[in-house]
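Structure assessment
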Amino acid sequence: MELLLLGVSHHTAPVDLRERVDFSRRGVTTALGELSVRPTLAEAVVLTTCNRAELYVTCEDPAATVRDLAGFMSRFHDVPDTELAPHLYTHTGLDVVRHLFRVASGLDSLVVGEPQIFGQVKDAYATASEERTTGALLNKLFTSAFGVGKRVRADTGVGEGAVSVSYAAITLARKIFGSLEQRDVLVVGAGEMAELTATHLRSQAVRSIAVTSRTQTRAEALAQKVDGRAVTWSELPAQLLTADIMVTATGAQTPVINRTQIDEAMRARRNRPLFIIDIGLPRDVDPAASDLEQVFLYNIDDLRTLVDENLARRRDQVSQAESMVSDEVESFQTWLRARGSIPTLVALRRHFEDLRQSELNRLEPKLNGLSPEARSKVDEITQLLVQKLLISPTERLKNAGDEQTAAQYSEVVTQLFGLAEPLAGETTSTDKHTSPPPKTKTPVTS
C-alpha cells in the first residue's frame, strides 16, 4: 500500500473555488462513506478547512487513484473537472508524510504558526476513525503528525505572538488588565474589523459587550452575533463612563470621539483605566486623548507594528521547525522500511521455528527419559537459541539504509533460506491491533 494525497489549498486555488470544495457543506462523513467503497482505496481521511480540502488515502496504484479521486471531488462538489483540475495538487509516499507534518505544525498555513489547523487535523482523523476508514498506515501517519505538531509548538516560537490586527488588540488589552474576565466592552461601529475584534473579546469571557453605530440596525445585528446589546449613538458618552475597553472602527472621515469627551469621562471614572483600540482609517479617536492619565490608546499602525514583529519572530523559528519536521519524516521512513520487512521476518521466524520443532521431534526417542522439568528446560533453551540467531537479521532488515536496500535484503534472505511467501491477506500482529475492524459498507455511486 502507498500513501497518496490529493487536494486544493490557498496555495493553488482562489477563495471562491475553495468555498465550493468545502466538504463540510455536504458532510465529511458522507464523503468518507463514498470513499470507503471505492475499489481503488484502502484507507481514507478527509481534511477540510477554510483554506484547504485534502484527501489522504492508501492505495495500490497511485496513478489510477489520482484520476479516481479527481473525478470524485468534481462530482461530489458539482464542480466541472476542467475548472477544478488546474488547482489540484498530489503527493505520494514520503512527500505525503512531509506535507501533513508541515500542515499539523502550522508551517503550511496562510498565517504561519496559526494554532487552529492542529485541532482541525485531529478532528479530521477522529471523524475518519469513527467511520472506520483508517487502518495501520494512516493511523501511524496521523498520530505521528500530532506528535510533530506538538513538538514544533513546544520547542519553537513558531506559534507565539498575535499575527492578526484584531488579536493583537487582545494581546495588548491583556497586558494592561491581565485577565479580561469581568471587563465591559464598548464597540463603536459594526463593520468587519469591529466584528472580528468583538468576537475575539467575547472568547476572553468579558462581562458585557455594548455595540453602537450610526446605523442602529447594523449595531443590533452585530450585538446579536457577539451575544451583546445594542445601544443608540446618542448613548455613546454615557457608555464611556462604564467601559473598560473600547473598540472603534466606523469608517468616518473625521474623529467621532474627541479629547474633551474622553477627558470628561475619565474625570467621572476617577481615572479608572480605559483601553482604546482605534482600528478606524481614518482614525476615530482624537490622538491627543493618549496624553490623558490612565488612557491607553492604540491605533491600527501600533497594532500592525506588533503584528509585523511577531511575524518576524515566527519566520526566525521556521527553519528550526522545518528541521524538526525533516527529522520526523526520517523516523517515519524508518518505520515504513521496518513495516515492509515484516513479511520476510515473519517467514524467517516461522522457518526457524519449524526447524526447531523438527529437530525436537527427531530427538524425541532420546528425550523420552527426561523428566517434565528437564523437557521444559530443553524447549526453553532451544527457543532462546532461535531468538538469538534472529537478532542480527531482524535488526539488519529493520534498519536498512533505504527502501531499495531493505528490498534487496529481504530478497536475499528469502532466497538463502527458501522462505515461503506469507499467505495473501495475512497480517502481522501489529496490523491486527492498529487497524480498526471492518465496517459494513453500502455501495454508493458518485
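Model, not experiment: these values are computed from the prediction. (Residues numbered from 1 in each chain as written. Predicted model: local features only at pLDDT ≥ 70, side-chain atom pairs only at ≥ 80, totals over all residues. Heavy atoms only, no water.)

**Examining the sheet that holds strand β1 (residues 2-9)**
The four strands lie next to each other as β2-β3-β1-β4, forming an open sheet whose pairing is antiparallel. For this open sheet the edge positions go to β2 (41-48) and β4 (89-92), each flanked by a neighbour on one side alone. Across this sheet, the average inter-strand angle for adjacent strands is 15 degrees, counted without regard to direction. Taken strand by strand, helix α2 (residues 28-36) contacts β2 and β3 (52-59), and its axis lies near 160 degrees from that of β2. (Pairing = 2+ DSSP bridges. Helix = DSSP H or I, 4+ residues; strand = E, 2+ residues; numbered from the N terminus. Axes fitted to C-alpha atoms, helices over the stretch in contact; angles between N-to-C directions. Contact = heavy atoms within 4.5 Å.)

**Digging into the sheet that holds strand β7 (residues 229-230)**
Strands sit in the order β7-β6-β5-β8-β9-β10 across an open sheet of six strands; the sheet is parallel. Of all strands in the sheet, those bounded by a partner on one side alone are β7 and β10 (295-299). Of the strand pairs in this sheet, strand β6 (residues 208-212) and β7 are connected by two bridges, and their pairing is parallel. Residue pairing in the sheet places V211 in a bridge with A230 of β7.

**Observations regarding unusual backbone geometry**
Residue P282 follows L281 across a cis peptide bond; omega there is -5 degrees. Its location among the elements puts P282 in the loop between β9 (274-278) and β10. Here the phi dihedral of D78 falls at roughly 55 degrees; this positive angle occurs in a residue that is not glycine. Assignment of secondary structure puts D78 in the loop between α3 (62-77) and α4 (81-84). Located in the positive-phi region is Q294, a residue other than glycine, with phi close to 65 degrees. Owing to a relative accessible area of 29%, Q294 belongs among the partly exposed residues under this scheme. (Buried < 20%, exposed > 50% of the residue type's maximum accessible area, 1.4 Å probe, protein only.)

**Some points on the packing of aromatic side chains**
Scanning the entire structure with this criterion turns up nine aromatic pairs. Feature note: the residues Y56, F118, Y125, F142 and F146 constitute an aromatic cluster, connected by ring pairs. Stacked on the ring of F76, the Lys or Arg R26 has its end atom at 4.0 Å from the ring centre. Its guanidinium or amino end placed over the ring of F146, K122 lies 5.9 Å from that ring's centre, counting from NZ or CZ. (Phe/Tyr/Trp six-rings, centres within 6.5 Å; stacked < 30°, edge-to-face > 60°. Lys NZ or Arg CZ within 6 Å of the ring centre and 35° of its normal.)

**Notes on the pattern of salt bridges**
A full pass over the atoms with the stated rule returns 19 salt bridges. Across the salt bridge formed by E34 and R26, the nearest N and O atoms sit 3.5 Å from each other. For R102, the salt bridge goes to E322, with nearest N and O atoms at 2.8 Å. One end of the pair, R102, is in helix α5 (residues 94-104); the other, E322, is in helix α13 (residues 300-362), and 220 residues separate them in sequence. Through salt bridges with shared partners, one network takes in R52, E54, R102, D108 and E322. (Salt bridge = Lys/Arg side-chain N within 4 Å of Asp/Glu carboxyl O.)

**Digging into the pairing of β2**
With seven of its eight residues buried, β2 lies for the most part within the structure. Pairing of β2 with β3 involves seven bridges; the strand directions are antiparallel. Residue V45 lies in a different strand from β3, and its bridge partner there is Y56. Where β2 hands over to β3, the hairpin turn is made up of three residues, counted between the paired strands.

**Some remarks on helix α12 (residues 259-268)**
Three or more residues of α12 are buried, namely I262, D263, A265 and M266. Mapping the buried residues of α12 onto a view down its axis gives an arc of 165 degrees, with all of them on the same face. Those residues of α12 that are exposed and aimed more than 90 degrees away from the buried face are E264, R267 and A268. Considering only its buried residues, α12 is in contact with β9 and β10. The backbone nitrogen of T260 has a side-chain oxygen 3.1 Å away, supplied by the residue at the start of α12, namely N258. Note on α12: the residue one or two positions beyond its end, R270, has a positive phi of about 55 degrees. (Arc of directions from axis to C-beta. Polar contact = N/O pair within 3.5 Å; in protein donor to acceptor, adjacent residues only side chain to side chain.)

**Examining the nonpolar core**
Ranked by internal contacts, the top residues of the largest apolar core, which has 59 residues, are F23, Y56, M73, F101, L141 and F142. With eight residues, helix α7 (residues 136-155) is the single largest residue contributor to this core. Leaving out residues up to four positions away in the same chain, L141 has contacts with L3, Y56, V96, V97, L100, F101 and F332. Ranked by size, the runner-up nonpolar core spans 31 residues in total, among them V165, A194, L201 and V226. (Core = buried A, V, L, I, M, F, W, Y, C linked by side-chain atoms within 4.5 Å.)

**So, the pairing of strand β8 (residues 245-248)**
By the alternation rule, side chains of β8 split into I245 and V247 and M246 and T248, which are all buried. In terms of strand pairing, strand β5 (residues 184-188) meets β8 through four bridges, oriented parallel. Within β8, the position partnered with V188 by the bridge is T248. For β8 and β9, the ladder comprises four bridges, and the chain directions are parallel. Residue V247 lies in a different strand from β9, and its bridge partner there is I277. In this fold, β8 hands off to α12, which returns the chain to β9; that crossover is right-handed. (Right-handed = clockwise from strand over helix to strand, strands pointing away.)

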